[in-house]
Amino acid sequence: MENHVSRWFNVQTVPESHTFSIEDRPGKEQIPLCRTIPIIDLANSERMEIVQEIIKASQEYGFFQVTNHGVPEDVINGAVKVLEELFTMPVDEISEEANSNGWVYMGSTSFATKGAHLWRDNLKHPCHPLEQSMQNWPQKPTRYRDVVGTYIVEIRRLSLIILELISQGLGLEKGYLGGISQVQFLTASNYPPCPDPSLTLGLLKHFDHSLITILFQGNVEGLQVLKDGKWIGVEVVPNAFVVNIGTQVEIISNGKLRSAQHRVVTNKEEARTTIATFINPCSDCIIEPAKVTVNDANPPLYPSLSFKEFVNVSKPFGPYTDVIQNGCIDE
Ligand code: OGA
Ligand code: NI
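Here's what I pulled together on the structure shown here.

Calculation notes
Residues numbered from 1 in each chain as written. Chains lettered and ligands numbered in written order. Predicted model: local features only at pLDDT ≥ 70, side-chain atom pairs only at ≥ 80, totals over all residues. Heavy atoms only, no water. Buried < 20%, exposed > 50% of the residue type's maximum accessible area, 1.4 Å probe, protein only. Helix = DSSP H or I, 4+ residues; strand = E, 2+ residues; numbered from the N terminus. Pairing = 2+ DSSP bridges. Near = heavy atom within 4 Å. Polar contact = N/O pair within 3.5 Å; in protein donor to acceptor, adjacent residues only side chain to side chain. Areas by Shrake-Rupley, 256 points an atom, 1.4 Å probe, with all protein chains shown as cover. Nonpolar A, V, L, I, M, F, W, Y, C, P; charged D, E, K, R; others polar. Expected span 1.5 Å × (residues − 1). Arc of directions from axis to C-beta. Contact = heavy atoms within 4.5 Å. Core = buried A, V, L, I, M, F, W, Y, C linked by side-chain atoms within 4.5 Å. Donors = N, O, S within 2.8 Å, 3.2 Å for Na, K, Ca; no water. 1 Å grid on protein atoms, 1.4 Å probe; cavity = no way out; pocket = protein on both sides within 12 Å on 5 of 7 lines; lining within 4 Å. Points joined across faces, edges and corners; volume = space filled by probe spheres on them. Axes fitted to C-alpha atoms, helices over the stretch in contact; angles between N-to-C directions.

Most of strand S10 (residues 212-216) sits out of view: five of its five residues are buried. Relative to strand S13 (residues 241-245), S10 runs antiparallel, the two being bridged by four bridges. Looking across to S13, one finds that Ile 212 is bridged to Ile 245. As paired strands, S10 and strand S15 (residues 272-281) are joined by five bridges and run antiparallel to one another.

If you want it as structure tokens, here you go:
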């Protein structure tokens, strides 16, 4: 507990170091919670209905939620609990291990973006190939590898189901998206309560550069999606996963499906712990508009690049890009 008291976020007012500029901060505007981002029941026996719902949601919002996804509740809760425990450990202890192992831990003081620190602690590590990358995962809490490994196996299974539904909806050959995909890395975030959420951000506005991202957001709201130039909040649906279309699927669909910008805001009352898993292409995969999406009326809108080249050009994780990429090169 003593430890807890000394943590960076235990403050009465937001320090200057965490105050974003007027353009970036959320301000006092009330953002509506969106009850229109589709919630898709994967147990629906009409497969074509699921396919159509996913495609429509991906065109309109770039986001949807899935229920009845088959990932056992205790596997999800187990992963959330062990991460919550990890986030109460002394920052120095985690960081020391992280630096020597090539995985990334960003206590809020270690990463300034746009002149201010994000209001979160964040852990990122590779997950592919699973057995091998696991050797470099946190050793404490001692059950971490076991519990998070089980979670990743489930997310892999779910990702293949969703990618197949998207492939079908786009008219791609069977296994097209699943075949080039990997669960490349996990990023877990802990967003502590904040004395003034109007000044801070848990995560700046960004696109995900994955094929798709599968997020467990727990029971606390905070994720917002930009739709038609306006922010909308993503409602909490118990035990659901939030899925979003990443830049790579946008490219493969030649812009038919969209990758939407999103951000995370903080709140005064409750800490929020989330687990995002990024389903990426393998590094050497060439990503380009699929043949079926291109014709005379629809010329390719994106160049063809290997995922590795794409990452080198866009550096989606700033100085951490190399660590993340090198940890997940597939052989
Ligand atoms: C991300 C992300 C959302 C959240 O990690 O890219 O968008 O709610 N996370 O933590
Ligand atoms: Ni994101």
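Turning our eyes to something else, we now look at the site of ligand 1. In the vicinity of ligand 1, the contacting residues are Tyr 191, Leu 203, His 206, Asp 208, Leu 215, Leu 223, His 262, Val 264, Arg 272, Thr 274, Ala 276 and Phe 278. In the model, an oxygen atom of ligand 1 is placed 2.7 Å from a nitrogen or oxygen of the Tyr 191 side chain. Here ligand 1 has 290 Å² of accessible area as a free molecule, and 94% of this is covered by the chains. At four residues, S15 tops the list of elements feeding residues into the shell around ligand 1. Residues of the shell around ligand 1, tallied by class, amount to seven nonpolar, three polar and two charged.

With 14 residues, helix H2 (residues 47-60) should reach 20 Å at 1.5 Å per residue; the first-to-last C-alpha distance of 20 Å fits that figure. When we look at burial in H2, the residues that qualify are Ile 50, Val 51, Ile 54, Ile 55, Ala 57 and Ser 58. Down the axis of H2, the smallest arc covering the buried residues is 165 degrees, so these residues share one side. Among the exposed residues of H2, those pointing more than 90 degrees away from its buried face are Gln 52 and Lys 56. On its buried side, H2 packs onto strand S2 (39-41), strand S3 (63-67), helix H6 (144-170) and S13. Positive backbone phi, approximately 75 degrees, marks Gly 62, located one or two places after H2.

Take the nonpolar core next. One finds Tyr 144, Tyr 151, Ile 162, Ile 166, Ile 212 and Phe 241 to be the most contacted residues of the largest nonpolar core, which totals 65 residues. Once you skip the residues sitting within four places of it in the chain, Ile 212 turns out to touch Ser 159, Ile 162, Leu 163, Ile 166, Val 243, Asn 244, Ile 245, Gly 246, Val 249, Thr 277, Phe 278 and Ile 279. One finds Phe 20, Leu 118, Leu 215 and Ala 276 within the second-largest nonpolar core, a separate group that totals 23 residues.

Okay, the coordination of the nickel ion (ligand 2) next. The expected angle between donors at a tetrahedral four-coordinate metal is 109.5 degrees. At an octahedral six-coordinate metal it is 90 or 180 degrees. Distances from the nickel ion (ligand 2) to its protein donors, namely His 206 (NE2), Asp 208 (OD) and His 262 (NE2), fall within the range 2.1 to 2.2 Å. Sequence spacing of the donor residues for the nickel ion (ligand 2), all on one chain, is H-x1-D-x53-H. Taken as a pair, His 206 in strand S9 (residues 203-206) and His 262 in strand S14 (residues 262-264) lie far apart in primary sequence, 56 residues in all.

Roughly 520 Å³ of volume is contained in the second largest pocket. Lining of the second largest pocket is provided by 22 residues; of these, Glu 29, Gln 30, Pro 197, Val 265 and Thr 266 occupy positions nearest its centre. Taken together, the residues of the lining of the second largest pocket sort by class into seven nonpolar, eight polar and seven charged.

It is worth spelling out the sheet that holds S3 at this point. What the eight strands build is an open sheet, ordered S2-S3-S13-S10-S15-S8-S7-S4; its pairing is mixed. Two strands bound the open sheet, and with one partner strand each, they are S2 and strand S4 (104-106). Strand-to-strand twist across the sheet, computed as the mean angle between neighbouring axes with direction ignored, equals 20 degrees. Pairing of S3 with S13, which is carried by four bridges, proceeds in the antiparallel orientation. Looking at S13, one finds that Phe 63 is bridged to Asn 244. Lying over the sheet, helix H3 (residues 73-86) contacts strand S7 (121-126), strand S8 (181-191), S10, S13 and S15, oriented at roughly 110 degrees with respect to S15.

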